[in-house]
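# Descriptive structure summary
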Amino acid sequence: MAFEGLTERLQNAMSKLRRKGKITESDVRDAMREIRLALLEADVNFGVVKDFVKTVRERAIGSEVLESLTPAQQIVKIVDEELTKVMGEEAVPLNKAPHIPTIIMMVGLQGAGKTTTAGKLAYRLKENEHGRPLFIAADVYRPAAIDQLQVVAQQVGAPVFQLGTDVDPREIVRQGLAQAAENKNDYVIIDTAGRLQIDEKLMQELADIKELAQPNEILLTVDAMTGQNAVNVAESFNQQLDITGVVLTKLDGDTRGGAALSIRAVTGKPIKFTGQGEKLTDLDVFHPDRMADRILG
Ligand code: GDP
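Worth saying up front: this structure is predicted, and the values here are computed from it rather than measured. (Residues numbered from 1 in each chain as written. Predicted model: local features only at pLDDT ≥ 70, side-chain atom pairs only at ≥ 80, totals over all residues. Heavy atoms only, no water.)

Over its 15 residues, helix 3 (residues 46-60) extends 21 Å from the first C-alpha to the last, a length consistent with the 21 Å expected when each residue adds 1.5 Å. Along helix 3, the residues classified as buried are Val48, Val49, Phe52, Val53, Val56 and Ala60. On an axial view of helix 3, the arc spanned by its buried residues comes to 120°, and they lie on one face. Opposite its buried face, helix 3 presents the exposed residues Lys50 and Asp51, each directed more than 90 degrees away. (Helix = DSSP H or I, 4+ residues; strand = E, 2+ residues; numbered from the N terminus. Expected span 1.5 Å × (residues − 1). Buried < 20%, exposed > 50% of the residue type's maximum accessible area, 1.4 Å probe, protein only. Arc of directions from axis to C-beta.)

Within the secondary structure layout, aspartate 166 lies in the loop between strand 3 (160-161) and helix 8 (169-183). The class for aspartate 166 is exposed, based on a relative accessible area of 76%. On a C-alpha basis, the gap between aspartate 166 and aspartate 139 in space is 11 Å, while along the polypeptide they are 27 residues apart.

It is worth spelling out unusual backbone geometry at this point. Here the amide bond leading from isoleucine 100 into proline 101 is cis, since omega sits at 0°, within 30 degrees of zero. Mapped onto the secondary structure, proline 101 falls in the loop between helix 5 (71-86) and strand 1 (102-107). Phi at aspartate 242 takes a positive value of approximately 50°, unusual for a residue other than glycine. Positive phi values are uncommon outside glycine, yet lysine 250 reaches one of about 65°.

In structure tokens form, the structure reads like this:
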């Protein structure tokens, strides 16, 4: 289960506080040490942990908390609030274009779940908004990528614009956008190429596609199971492309929590959705407060 270790350790630290009637500053410091270790073991970014612990400690040792009738309860509330804050406070909706189509560019490393997420997103737009999305198949490096997109698109019931693997992806995007204008699609979802690692040529290609498509949304898909690596990937993509949001996939697995708790603080960009499985319906809007509750258990 996701966050299992983290939840257990945070709960342990909290129940130790609850067992004490009166809480002293030194009790708070002990609890903070445990929370710090729990977060580091969950692979949360070091700087994020440091700031988090400092803020919680400062708030918790204030006299209103320690001299209140329910100090442990107040400290739990502070931890909950600060976890929420680290993850961005509010859910951030998908950007929309003032005129159709809204253009969504999907980016990410191979295997992170980009194509699956593109399908889930199209499904959501169709179901919730009666949207008419068009996919553009701009991953020309893996022939299987276009096939996979077509399978997903068929499940969703949305068309794919593709020109095979011999055409420059920039040209594919250009023609795909023209087709979307002609068909009056209200959403265009561009499935770009992924690689196993970040490389300059790919980044240049993505920057070119961004430049010509002027997307309203550049959604980076990262795999929650990869912890700090997901955070580093997010930082690199953000530096190169100025992404607008992140989709954190595979939260149905036993991820430790590092990516969920670090990405917003490190990149300044919101997690907009989470992937909770392989089915088209397994995409949730990311609510920082609900995630904090889930982490605290
Ligand atoms: P891409 O290379 O980034 O396009 O990744 P894919 O969309 O092909 O996904 C890679 C694998 O991860 C596939 O087997 C997907 O079914 C799986 N996957 C994607 N998202 C999720 C998720 O949220 N949860 C789980 N359990 N698997 C996922």
